[in-house]
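So the chains spell out like this:
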Amino acid sequence: MFEDLRALKSRTEARRITDLFDADATRASRFCCESSDMRLDYSKTQIDDDIRTALIALCDSVALADKREAMFSGAPINETEGRAVLHTALRNLDGGPVSVDGQDVMPEVLATLEHMRRFADAVRGGALKGAGGAITDVVNIGIGGSDLGPAMAVLALAPYRDGPRCHFVSNVDGADIADTLRGLDPTRTLVIVASKTFTTIETMTNARTARAWMREGGGNPAKQFAALSTAQDLTEAFGIPADHVFGFADWVGGRYSVWGPIGLSLMIAIGPKAFDAFLRGGQAMDLHFRSAEWHENMPVMLALVGLWHHQVCGYPSRAVLPYDQRLSRLPAYFQQLEMESNGKSVAMNGASLSEPSGPIVWGEPGTNGQHAFYQLIHQGTGVVPCEFMIAAEGHEPDLAHHHRLLVANCLAQSEALMQGRSLDEARARMAAKGLTGDELERQARHRVFAGNRPSTTLIYPQLTPFVLGQIIALYEHRVFVEGMILGINSFDQWGVELGKELATSLGPIVDGEQSAEGKDGSTAGLVDYVLRYR
């Protein structure tokens, strides 16, 4: 599939990215995409017209347009589980009917959204009280997509938070829930338990601990618990009233679920109106993805740049680098989105992949990373494609000079990665400092930057609920495009199952109730070590 592209790559070996700008004064405007005032600049890569044409041809070779419409129309494109993939329906506020097995799902989606709005308003306005009065804190207990999405978004939209304080517990490590509950008032705290099946062992262990804490502290779990789950028999048995339960269909995967009931904590934090703006941003990106030509299509071009760097150039990882402290959880969110979706080794038909699947995704906010791992990005022996993100304007007008410095740093890093610094330039710098001879040469070599390292930049007016919705939907569709071109199912995650099964079997052994006989020597020895301290 990538043979033609690898042939084109061979001609880039002696070419620098800066050469492309020297040869084409319009390059920056031609190698970018725009959608609703958001701009994706991918001109600081080795992609030229011929390479872009060959990349775009991949879309037609896999009938991407048909697969895209199959997803939006409710076809069961998650073939290993026989499910539709319709997180887009959760933000389809006025887009018409969406059918699954011949039934329009939108009435139920919109009814659930209205149920969320009423509940959020009741919590925010004080109509829904705890045993000690109005709710002051919300604790969301989930894991994976039931945690990362709302936790990331609540932090990202801090300027819009005007509701109760939100906290998030995901790790079964008792330290997580102990540290979170410490200092909270159990009579004025709402606990949201997020588990579709209401059986997730980490989530339910934490939920039972929170319920005991609330009871012991004088709270009322019957009023102060809510559930994001489809298992109403189990939520009822747990003691959660039916009007505090918000269900969602099996065509919403966990890592795609922040748009619906899993986003309840976000709605409580920022209010239904701002949450609707968040949904509108996602819907706007959906409309762009469905209508824009491939070369102008932001999710498509972001995906094709990723395929070029990983599958063709062989770069094993990519760094997501938001220059926004409030997006500090976004790299982890995208890490799950991409690595759980496209971290596969078999194609849709079960055959082994002939090409690498998804890359390693990682990152941290700038400018912190500049004083940490950017050393490797700039001068390490491997190439790490970087994906920068920056808002043109911050939320703190009194600190506008901070934001100008932030923007300058973001743009400087992408420029430095592309331009680098030659040995001759480094020698001139050392000579200006008075160095000569071997010491000049030695010091100069330490100051060489290879440059010619690729990056993209996503720039937008300001980080608003609408823009955050755009960003998340952009990356969701990027993952879809990459998965379709690679021929894999991006919407199952069987890789998480084996460890969960083994953990269940190891539970009685770690408790000392069963022997470790039959376990490998390493596991048995580690269990023995743990039991010494019981």
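Reading the values: the criteria
- Residues numbered from 1 in each chain as written.
- Predicted model: local features only at pLDDT ≥ 70, side-chain atom pairs only at ≥ 80, totals over all residues.
- Heavy atoms only, no water.
- Axes fitted to C-alpha atoms, helices over the stretch in contact; angles between N-to-C directions.
- Helix = DSSP H or I, 4+ residues; strand = E, 2+ residues; numbered from the N terminus.
- Left-handed = near helix turned anticlockwise from the far one by under 90°.
- Contact = heavy atoms within 4.5 Å.
- Nonpolar A, V, L, I, M, F, W, Y, C, P; charged D, E, K, R; others polar.
- Parallel < 35°, antiparallel > 145°, perpendicular 65-115°, else oblique.
- Buried < 20%, exposed > 50% of the residue type's maximum accessible area, 1.4 Å probe, protein only.
- Pairing = 2+ DSSP bridges.
- Right-handed = clockwise from strand over helix to strand, strands pointing away.
- Phe/Tyr/Trp six-rings, centres within 6.5 Å; stacked < 30°, edge-to-face > 60°.

Section: the packing of helix α7 (residues 145-156) against helix α15 (residues 330-342)
In contact at an axis separation of 9 Å, α7 and α15 are set at 145 degrees when each is read in the N-to-C sense. Remark: the crossing between α7 and α15 carries left-handed chirality. Seen from α7, the contacting residues are Gly145, Leu148, Gly149 and Met152; seen from α15, they are Leu330, Ala332, Tyr333 and Gln336. When grouped by side-chain class, the residues that make up the contact of α7 with α15 number five nonpolar, three polar and no charged.

Topic: the packing of helix α14 (residues 298-312) against helix α20 (residues 465-486)
Orientation of α14 relative to α20, taken along the N-to-C sense of each, is 55 degrees, at an axis distance of 8 Å. Taken together, the axes of α14 and α20 lie oblique to each other. The handedness of the crossing between α14 and α20 comes out as right-handed. Listed contacts from α20 to Met298, Pro299, Val300, Leu302, Ala303, Leu304, Gly306, Leu307 and Gln311 of α14 are Leu474, Tyr475, His477, Arg478, Val481, Glu482, Ile485 and Leu486.

Re the pairing of strand β7 (residues 137-141)
Counting buried positions along β7 yields five of five residues, so the element is predominantly enclosed. Burial along β7 is two-sided: Asp137, Val139 and Ile141 facing one way and Val138 and Asn140 facing the other are all buried. Where β7 lies against strand β8 (residues 165-169), five bridges are found, and the strand directions are parallel. Its bridge partner lying in β8, valine 139 is registered against histidine 167. In this fold, the crossover linking β7 to β8 by way of α7 has right-handed handedness. The pairing of β7 with strand β9 (residues 189-194) spans five bridges and is parallel.

So, the sheet that holds β7
Taken in spatial order, the five strands make up an open sheet running β8-β7-β9-β10-β11, and their pairing is parallel. Where the open sheet ends on each side, the last strands, each with one partner, are β8 and β11 (245-246). In the packing of helix α8 (residues 174-181) onto the sheet, the strands contacted are β7 and β8, and the crossing angle to β8 comes to about 165 degrees. Against the sheet, helix α9 (residues 201-216) makes contact with β7, β8, β9 and β10 (225-228), and its axis sits at roughly 160 degrees relative to β9, the strand it touches most.

With respect to helix α5 (residues 64-72)
Residue pairs spaced three or four apart in an α-helix point in one direction, given the helix's 3.6 residues per turn. Looking at α5, one finds that the buried residues are Leu64, Arg68, Ala70, Met71 and Phe72. Buried residues in α5 make contact with α4 (49-61), α13 (272-291), α14 and α20.

Comments concerning the packing of aromatic side chains
Under the definition given, this model contains 16 aromatic pairs. Between the aromatic rings of phenylalanine 119 and phenylalanine 246, the centroid separation amounts to 5.3 Å while the plane-to-plane angle is 75 degrees, which identifies the pairing as edge-to-face. In this pair, phenylalanine 119 is assigned in helix α6 (residues 106-125) and phenylalanine 246 in strand β11, connecting sequence segments 127 residues apart. Here phenylalanine 246 falls in the buried class, since its relative accessible area comes to 1%. An angle of 70 degrees between the planes, with centres 4.8 Å apart, marks the rings of tryptophan 362 and phenylalanine 373 as edge-to-face. Pair noted here: tryptophan 362 is in strand β13 (residues 360-362) and phenylalanine 373 is in the loop between β13 and α16 (374-379), with a separation of 11 residues, a long-range link. Look at tryptophan 362 and you get partly exposed, because its relative accessible area is 23%.

A short note on the pairing of β9
Regular strands place side chains that alternate from one sheet face to the opposite one. The buried count for β9 comes to six of six residues, which makes it a mostly enclosed element. For β9 and β10, the ladder comprises four bridges, and the chain directions are parallel. Residue pairing across strands places valine 191 opposite phenylalanine 225, the latter belonging to β10.

Shape is all these values report; function is a separate question.
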